[in-house]
Amino acid sequence: MEESMKDYEKMLEESYSLMGDGVHDTDTLLAWRKAEELQESQENITVTVSEVVKGGVVADFEGIRAFIPISKLSLERIDDCNQFLWKEIEVRVFEANMDEDKLILSAKEILKEKQEISRKKKLSDVQVGQVLHGVVATIKDYGAFVDLGDGLSGLVHISQISHKRIKHPGVALKEGQEVDVKVIDIKDGKISLSIKALLDDSEEQLEEDIDIPESEEIGTSLGDLLKGFKFD
């Protein structure tokens, strides 16, 4: 005969009865077991932040006080955790240790996965020849990485920054600068960008806008201009 849930709960409680003089009741023991299972499965759960403490925030999980470190709240730097107070957050169990009464949750892994999905979607929409707007994120000796948003970035090689030969990308660009760039190649998920190509496009457009008349038209126009003048 299979053991009933009540029998199972009783066994659980008895097995931990020596820990902390029975400080853990049945509900708490089951909550810890669930937390351990969630750590194993890495299933997403939603909790509400109830308190801001040093180094992070606290949320309730099935009656257990759970800690979310500031480093696991966001992908970006956070200086003030109060913005999360009473907010619902999607998290995973990072560590569940009943012996040490330690339950740590994390939102970071979920945010990373969502960012990667968004990045791949945006990457699939990017086409060679497309003009994009971005911000210079980092400058290296060989070029500048431009942040295109949604976790997407591309490299403007030093040879694609200017028509002039420059010794370092920092001569023409600075971090935080907004720039328009043209996509010149996409390979293995990496985007190659060019600022110089847009300068070429501007020059070509300027030439197209200047309509130079044919020589015959010039001659005709000159003849028409001289009509009416009388020469001795």
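Residues numbered from 1 in each chain as written. Predicted model: local features only at pLDDT ≥ 70, side-chain atom pairs only at ≥ 80, totals over all residues. Heavy atoms only, no water.

### Regarding the overall build of the protein
1) Next: For the protein, the count of helices and strands is five helices and 10 strands.
2) Next: Evaluated residue by residue, the protein yields a buried proportion of 29% over its 232 residues.
3) Next: A sequence separation of at least 24 residues applies to 55% of the contacts in the protein between residues at least 6 apart.
4) Next: For the protein, the accessible surface area stands at approximately 16,100 Å², while carbon and sulfur atoms represent 50% of it. (Helix = DSSP H or I, 4+ residues; strand = E, 2+ residues; numbered from the N terminus. Buried < 20%, exposed > 50% of the residue type's maximum accessible area, 1.4 Å probe, protein only. Contact = heavy atoms within 4.5 Å. Areas by Shrake-Rupley, 256 points an atom, 1.4 Å probe, with all protein chains shown as cover.)

### Some remarks on the nonpolar core
1) Next: Formed by 26 residues in total, the largest nonpolar core has its most connected members in Phe61, Ile68, Leu73, Ile89, Val91, Leu103 and Leu105.
2) Next: Of all the secondary-structure elements, those providing two or more residues to this core are helix H2 (26–41), strand E1 (45–53), strand E2 (56–61), strand E3 (64–69), strand E4 (88–97) and strand E5 (102–106).
3) Next: Beyond its immediate sequence surroundings of up to four residues, Leu73 is in contact with Val57, Ile68, Ile78, Cys81, Phe84, Ile89, Ala107 and Leu111.
4) Next: Counting 20 residues, the second-largest nonpolar core is a separate cluster that includes Val126, Val136, Leu148 and Ile166. (Core = buried A, V, L, I, M, F, W, Y, C linked by side-chain atoms within 4.5 Å.)

### A short note on the pairing of strand E8 (residues 152–157)
1) Next: The side-chain alternation of E8 yields one buried face, formed by Leu152, Gly154 and Val156, and one unburied face, formed by Ser153, Leu155 and His157.
2) Next: Inspection of the sheet shows strand E7 (residues 143–149) paired to E8 by six bridges, in the antiparallel sense. Its bridge partner being in E8, Gly149 is matched across the sheet by Leu152. (Pairing = 2+ DSSP bridges.)

### What to know about the environment of Phe84
1) Next: In this fold, Phe84 is placed in the loop between E3 and E4.
2) Next: Ignoring anything within four residues of it in the chain, the contact list for Phe84 reads Val49, Leu73, Ile78 and Ile89.

### Remarks on the sheet that holds E7
1) Next: Taken in spatial order, the five strands close into a barrel running E6-E7-E8-E10-E9, and their pairing is mixed. Each neighbouring strand pair of the sheet contributes to a mean axis angle of 50 degrees, computed without reference to strand direction.
2) Next: Contacts from helix H3 (residues 108–125) reach E7, E8, strand E9 (178–187) and strand E10 (190–194), with the element oriented near 55 degrees to E8. (Axes fitted to C-alpha atoms, helices over the stretch in contact; angles between N-to-C directions.)

### Some details on the packing of aromatic side chains
1) Next: Scanning the entire structure with this criterion turns up one aromatic pair.
2) Next: Arranged with centres 6.2 Å apart and planes meeting at 90 degrees, the rings of Tyr142 and Phe145 form a pair that is edge-to-face.
3) Next: Residue Tyr142 is classed as partly exposed on the basis of its relative accessible area, which comes to 41%.
4) Next: Above the plane of the ring of Phe94 lies Lys72, whose end atom (NZ or CZ) is 4.1 Å from the centre. (Phe/Tyr/Trp six-rings, centres within 6.5 Å; stacked < 30°, edge-to-face > 60°. Lys NZ or Arg CZ within 6 Å of the ring centre and 35° of its normal.)

### So, unusual backbone geometry
1) Next: Unlike most non-glycine residues, Trp86 shows phi in positive territory, near 65 degrees.
2) Next: Tracing the chain through its elements places Trp86 in the loop between E3 and E4.

### Considering the confidence of the model for the protein
1) Next: Mean pLDDT over the protein works out to 84, with 76% of the residues at or above the 70 mark.
2) Next: Between residues 1–5, whose pLDDT stays under 50, and residues either more than four places distant or in other chains, the model counts one contact.
3) Next: For residues 14–22, every residue scores under 50 in pLDDT, and the model assigns this stretch five contacts once sequence neighbours within four places are set aside. (pLDDT = per-residue confidence, 0-100.)

### Quick notes on the environment of Ile186
1) Next: Summarising the element assignment, Ile186 is placed in strand E9.
2) Next: A relative accessible area of 29% places Ile186 in the partly exposed class.
3) Next: If sequence neighbours within four positions are ignored, Ile186 has contacts with Leu123, Val126, Gln127 and Val128.

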